[in-house]
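Descriptive analysis of the structure
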Amino acid sequence: MLEVTGFSAGYQGNDVVHEVAFRVDPGEAVMIIGSNGAGKTTLFRAMCGLLSSSSGKVLFGGDDITGLPAERIARLGMRFVSAERHLFPRMTVQENLLLGAYPGRPDPETMSVVLELFPRLAERLRQHVGTMSGGEQQMLAVGRALMSKPQLLVLDEPSTGLAPLLAQATYEALGVLRQRGLTVLVAEQQVPLAMAFSDRGYVLENGFIRLQGTTEELAANPGIRSAYLGVT
Amino acid sequence: MIANILDGIVLGLQFGLLATGLTLVYGLGGVLNLAYGQMAVTSAMMVAFAMDAGIPALPAVGIGLLAGGLLGLFLDQTILRPVYRLHDEPRVLLSLLLTLGVSFIVDGFLIWRYPLKALTLHIGGGAVEILGVPMRRGSLVASAITLITFVALFLFFQRTTLGRAVRSVIEDEEGARLVGIYPDRMLRLILVLSGVLAALVAITRSMVTPVNTTSGLSITVFALIVTVVGGLGNVAGALLAGIILGIVSVVAADLIGSYISLIILLGAAAVTILIRPAGLLGVKE
């Protein structure tokens, strides 16, 4: 579904990620783990058209989407949920969800699926987003992306700024989506959360992919156990 | 006093609509259009020429509104192209300089070729008494059109998908892109809308007082002042600020003299920047 090869990107000519390659197959949940500053956000922003890349290719559903602007990529069915969420703060929850389906007509069935997944949003449809808690905003960011019935959901650090229980709840919701067949790519520095959720993963360090494998393989790797899982 | 306040509201509604066109373009695209008043005047002149050619008033007004929209589209397709490649402060500055240049050219041309041309739309019938004050019918028709336009604008922005998409770009451009909204298309739409609004203000204004070829600069200045007081990208703020400043302007002109009212308006804008930098209804970012 998504295939990234030899991909480099950064800011003002200084690459932050170097020659990165990975793939996500339909129906998979794939994680990219790494510490703060490893280049996860840069990689995702460039891949999703918010930042230009300096080399490499991004294939989505077999089509070359390298260098397309974010708004085109979003319409192709690859939805990015940024760690900063980028919701519309002076609009209501409902308006944010409706815009998620833009330019299409919001599908009532999808809306009820989203509200069933996040009952907190259903209680707050008329509330302005700027007044909501971080956890609710994260639910809304995911919900807004789901409104377009994406083929691939790309999440950057969905646990950012959330209390442990809320981060857990977010991943539980993602788990439900996965079971329903949604393909998910997630970047996460809280590695245990991502591991409980993903089929496969890649380890990004200083802008390079150092390791890859199934979640079991990565969880058994001594280097990862000490660096990311706190096991010595 | 009641007469002053009513006159102030008539003027203020037009101030509000005027500022709406300017503030939306700025809030959405970081483009400050200093040729805004010239767009208004050029559209008004199109109405005057159309009527000179024997076209009845109503279709002539239609031509004027169309001209306003086309002027907005023209700016978007030509002179603003290099502006779109810049971001943040350089973008505002370049848009300001380029549109200022456009305003000089348009003003120069109009004053050279049509120094005495003016648009006056006569609305027949006698005065109508409101709260014991006789109001000219032209003022009432102008205010009614302005109010209806505001209602239409609010419905558009609050109730339609396209209107929400425009607001989303003002609130968070990156968020808008992530849901598949093209910010450049929204800006083009709003530039066309702003041209139509500029034309509409000039046309309704001509029902109250003549609009002539030299009115452009003062229209831009009024729009800027109201925009600053109302807050950027905020239609409700523009309406509120317009009405307040309209009343202030008329009362000040009556009590002290019309020379002072512009100074008072500028003072109001300066005080607003000091106390509430985001405008009356502005939200801190």
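Up top you'll find the structure we're talking about.
Reference entry: report on the structure contained in this document. (Residues numbered from 1 in each chain as written. Chains lettered and ligands numbered in written order. Predicted model: local features only at pLDDT ≥ 70, side-chain atom pairs only at ≥ 80, totals over all residues.)

It is worth spelling out the packing of helix α6 (residues 137-159) of chain B against helix α7 (residues 161-171) of chain B at this point. Residues and elements named next belong to chain B. Relative to each other, α6 and α7 sit at 80°, their axes nearing to 5 Å. In terms of orientation, α6 and α7 fall into the roughly perpendicular class. Between α6 and α7, the residues in contact are Phe156, Phe157, Gln158 and Arg159 and Gly163, Val166 and Arg167, respectively. Grouping the amino acids of the contact of α6 with α7 by side-chain chemistry returns three nonpolar, two polar and two charged. (Axes fitted to C-alpha atoms, helices over the stretch in contact; angles between N-to-C directions. Helix = DSSP H or I, 4+ residues; strand = E, 2+ residues; numbered from the N terminus. Parallel < 35°, antiparallel > 145°, perpendicular 65-115°, else oblique. Contact = placed C-beta atoms within 7 Å. Nonpolar A, V, L, I, M, F, W, Y, C, P; charged D, E, K, R; others polar.)

Moving on, we get to the environment of Val154(A). All names here are of chain A. One can find Val154 in strand β7 (residues 152-156). On the basis of neighbour counts, which here come to 24 C-beta atoms within 10 Å, the residue Val154 falls in the buried class. In the structure, Val154 is positioned 123 residues away from Met31 in sequence and 9.9 Å away in space, judged by C-alpha atoms. Ignoring sequence-local partners within four residues, the contact set of Val154 consists of Phe44, Cys48, Met78, Arg79, Phe80, Val81 and Leu185. (Buried ≥ 20, exposed ≤ 12 C-beta atoms within 10 Å, placed from the backbone.)

This part is about the sheet that holds strand β9 (residues 200-205) of chain A. All names here are of chain A. Judged by pairing direction, the sheet is mixed, and its six strands sit side by side in the order β6-β7-β8-β3-β9-β10 without closing on themselves. What marks the edges here is a single partner per strand, and that holds for β6 (78-81) and β10 (208-214). Here the average twist between neighbouring strands, direction ignored, is 15°. Pairing analysis gives five bridges linking strand β3 (residues 29-33) to strand β8 (residues 183-188), with the strands arranged parallel. Counterpart to Ala29 in the pairing with β8 is Val184. (Pairing = 2+ DSSP bridges.)

Further remarks concern the interface of chain B and chain A. Each partner contributes residues to the interface: chain B has 16 residues there, and chain A has 20 residues. Of all the secondary-structure elements, those providing two or more residues to the side of chain B that touches chain A are α7 and α8 (173-178) of chain B. At six residues, α7(B) tops the list of elements feeding residues into the side of chain B that touches chain A. Here the side of chain B that touches chain A is built from residues that sort into six nonpolar, four polar and six charged.

What follows is about the sheet that holds strand β4 (residues 53-60) of chain A. Residue and element names in this part refer to chain A. One open sheet accounts for four strands, arranged β2-β1-β4-β5; its pairing is antiparallel. A strand with exactly one partner marks an edge of an open sheet, and here the two such strands are β2 (14-24) and β5 (63-64). Bridge count between strand β1 (residues 2-11) and β4: six bridges; the pairing is antiparallel. Residue pairing for β4: Val4 is matched across the bridge by Val58. Here helix α1 (residues 40-47) sits on the sheet and contacts β1, β2 and β4; the angle it forms with β1, its principal contact strand, is near 110°.

Right, let's get into the nonpolar core. Val154(A), Ala40(B), Ala44(B) and Val226(B) are the most contacted members of the largest nonpolar core, which totals 155 residues. With 13 residues, the top contributor of residues to this core is helix α9 (residues 183-205) of chain B. Look past the residues within four positions of Val226(B) in its chain and what remains in contact with it is Phe15(B), Gly16(B), Leu18(B), Ala19(B), Ala238(B), Ala241(B), Gly242(B) and Leu245(B). (Core = buried A, V, L, I, M, F, W, Y, C linked by C-beta atoms within 7 Å.)

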